[in-house]
Amino acid sequence: MITVQLNQLIFNAFHGIHEEERILGNEYVVDASVDFHEKEEVISHINDTVNYAIIYDIIKKRMSIPTPLLETIVMEIGNAIHKEFPGLKSISVSVKKMHPPIESMQGAAKVGWHKEF
């Protein structure tokens, strides 16, 4: 099994249920991981693997669409990745909101999604 990961992708986006989040935006960190069974003994061509540049483009496009819930975002990213690469065995996606608008909170809020096929 091969795992392809994209880690700590940073986006400034306008997600959230509060109006100020949709106006001011926030910093988000996205992680994505996919697993698949290799078809070759040694992978030596891009067509025999999962192109992480395509995964990045999927994530980048989805992060640009303001959305109230992080749950919606991680599920839609995961489903779009699976649509592009239907042979995947599993997908994990997480989105971390770096500065959630919660009074006195220090830290981040993170939502993750994992699915096996």
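Predicted model only: the values in this text are computed from it and were never measured.

### Notes on the overall build of the protein chain
Line of reasoning, step 1. From N to C terminus, the protein chain includes three helices and four strands.
Line of reasoning, step 2. Listing each helix as α and each strand as β along the protein chain from the N terminus yields β-α-β-α-α-β-β.
Line of reasoning, step 3. Among the 117 residues that make up the protein chain, the fraction classed as buried is 36%.
Line of reasoning, step 4. Restricting the contact set of the protein chain to residue pairs at least 6 apart, pairs at least 24 apart contribute 61%.
Line of reasoning, step 5. Averaging the positions of the 11 positive and the 16 negative side-chain charges in the protein chain gives two centres separated by 4 Å.

### Remarks on the side chain of N26
Line of reasoning, step 1. Along the chain, the position of N26 falls in strand β2 (residues 26-36).
Line of reasoning, step 2. In this structure the side chain of N26 is engaged in a polar contact, spanning 2.8 Å, whose partner is the backbone oxygen of H99.
Line of reasoning, step 3. Ignoring anything within four residues of it in the chain, the contact list for N26 reads F11, N12, A13, K97, M98, H99 and P100.

### Topic: the packing of aromatic side chains
Line of reasoning, step 1. Taken as a whole and assessed by the stated rule, the structure comprises one aromatic pair.
Line of reasoning, step 2. Seen in terms of ring centroids, F11 and Y56 are 6.1 Å apart; in terms of plane orientation they differ by 20°. Their pairing is stacked. Of this pair, F11 sits in strand β1 (residues 2-13) while Y56 is found in helix α2 (residues 52-63), placing the two residues 45 residues apart along the sequence.
Line of reasoning, step 3. Looking at F11, the relative accessible area reads 9%, which means it is buried.

Conventions used here
Residues numbered from 1 in each chain as written. Predicted model: local features only at pLDDT ≥ 70, side-chain atom pairs only at ≥ 80, totals over all residues. Heavy atoms only, no water. Helix = DSSP H or I, 4+ residues; strand = E, 2+ residues; numbered from the N terminus. Buried < 20%, exposed > 50% of the residue type's maximum accessible area, 1.4 Å probe, protein only. Contact = heavy atoms within 4.5 Å. Lys, Arg positive; Asp, Glu negative; His and termini not counted. Charge placed at Lys NZ, Arg CZ, Asp CG, Glu CD. Polar contact = N/O pair within 3.5 Å; in protein donor to acceptor, adjacent residues only side chain to side chain. Phe/Tyr/Trp six-rings, centres within 6.5 Å; stacked < 30°, edge-to-face > 60°.

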